[in-house]
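Fold and contact review
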Amino acid sequence: MYQVLFHVSDNETWPKAVTNIENFLKDVGPSGATIEVVANAAAVMTYYNQEKAELLERMQQLAAIGVKFTACRNALRAHQLDEQAKPDFVEVVPGGITEIVAKQAAGYLYIKP
């Protein structure tokens, strides 16, 4: 089983990242990988953007089959976003970079779409 970490740091990368995850899961199957997506910097804003409803729906569908979506608390604060207003499928981590380092130390493969 693969352990894969996707790092998204800007809003423009989200569609490509989600498509990469969907395609990867088509190849390995939902039980063939443990996947986490770490959003930091400006990328956290997409979680709150209702104009991105279709993209958020795709993320929610991926979360339903086990993909973990996270948001950096530091980035949420920097962009004055209410942690309580995030989508239910998103987990907040104290620091995006710290999460990335921890996952890489645990053997996750790093992908920056």
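This structure is a prediction, so every number in the text was calculated from the model and none was measured.

Regarding the sheet that holds strand β2 (residues 33-39)
Strand order in the open sheet made by the 5 strands is β4-β3-β2-β1-β5, with parallel pairing throughout. Edge strands, defined here as strands with exactly one partner in the open sheet, are β4 (90-93) and β5 (109-111). Each neighbouring strand pair of the sheet contributes to a mean axis angle of 30 degrees, computed without reference to strand direction. Relative to β2, strand β1 (residues 2-8) runs parallel, the two sharing 7 bridges. Residue pairing for β2: Leu-5 is matched across the bridge by Glu-36. Those strands touched by helix α4 (residues 96-105) are β1, β2, β3 (68-72), β4 and β5, and its axis lies near 155 degrees from that of β2.

Section: the environment of Ala-78
Position of Ala-78 among the secondary structure elements: in helix α3 (residues 73-78). A relative accessible area of 62% means that Ala-78 is categorised as exposed.

Some points on the nonpolar core
Side chains that are nonpolar tend, in soluble globular proteins, to be buried together. Formed by 29 residues in total, the largest nonpolar core has its most connected members in Trp-14, Tyr-47, Met-59 and Phe-69. Where this core is concerned, the elements lending two or more residues are β1, α1 (14-28), β2, α2 (53-64), β3, α3 and β4. In terms of residue count, α1 provides more of this core than any other element does, 5 residues in total.

Quick notes on the packing of aromatic side chains
Inspection of every chain in the model, using the stated rule, returns 5 aromatic pairs. For the ring pair Tyr-2 and Phe-24, a centre distance of 5.8 Å and an interplane angle of 65 degrees mean the geometry is edge-to-face. Of this pair, Tyr-2 sits in strand β1 while Phe-24 sits in helix α1, and the two are 22 residues apart along the sequence. Tyr-2 gets classed as partly exposed once you look at its relative accessible area, which sits at 44%.

A look at the packing of α1 against α2
α2 packs onto α1 with a crossing angle of 35 degrees between their chain directions and a minimal axis gap of 11 Å. Relative to α2, α1 is oriented so that their crossing is left-handed. Across the interface between the two elements, Trp-14, Pro-15, Val-18, Thr-19, Ile-21, Glu-22 and Leu-25 of α1 pack against Leu-55, Arg-58, Met-59 and Leu-62 of α2.

Structural notes on α1
The end-to-end C-alpha separation of α1 is 21 Å, in line with the 21 Å expected for 15 residues at 1.5 Å each. Among the residues of α1, those classed as buried are Trp-14, Ala-17, Val-18, Ile-21 and Leu-25. An end-on view of α1 places all buried positions within 95 degrees of arc, on one side of the element. In α1, the exposed residues that point more than 90 degrees away from the buried face are Lys-26 and Asp-27. Against β1, β2, α2 and β3 lie the buried residues of α1. A positive backbone phi angle near 80 degrees is found at Gly-29, which sits one or two residues after α1.

Reading the values: the criteria
- Residues numbered from 1 in each chain as written.
- Predicted model: local features only at pLDDT ≥ 70, side-chain atom pairs only at ≥ 80, totals over all residues.
- Heavy atoms only, no water.
- Pairing = 2+ DSSP bridges.
- Helix = DSSP H or I, 4+ residues; strand = E, 2+ residues; numbered from the N terminus.
- Axes fitted to C-alpha atoms, helices over the stretch in contact; angles between N-to-C directions.
- Contact = heavy atoms within 4.5 Å.
- Buried < 20%, exposed > 50% of the residue type's maximum accessible area, 1.4 Å probe, protein only.
- Core = buried A, V, L, I, M, F, W, Y, C linked by side-chain atoms within 4.5 Å.
- Phe/Tyr/Trp six-rings, centres within 6.5 Å; stacked < 30°, edge-to-face > 60°.
- Left-handed = near helix turned anticlockwise from the far one by under 90°.
- Expected span 1.5 Å × (residues − 1).
- Arc of directions from axis to C-beta.

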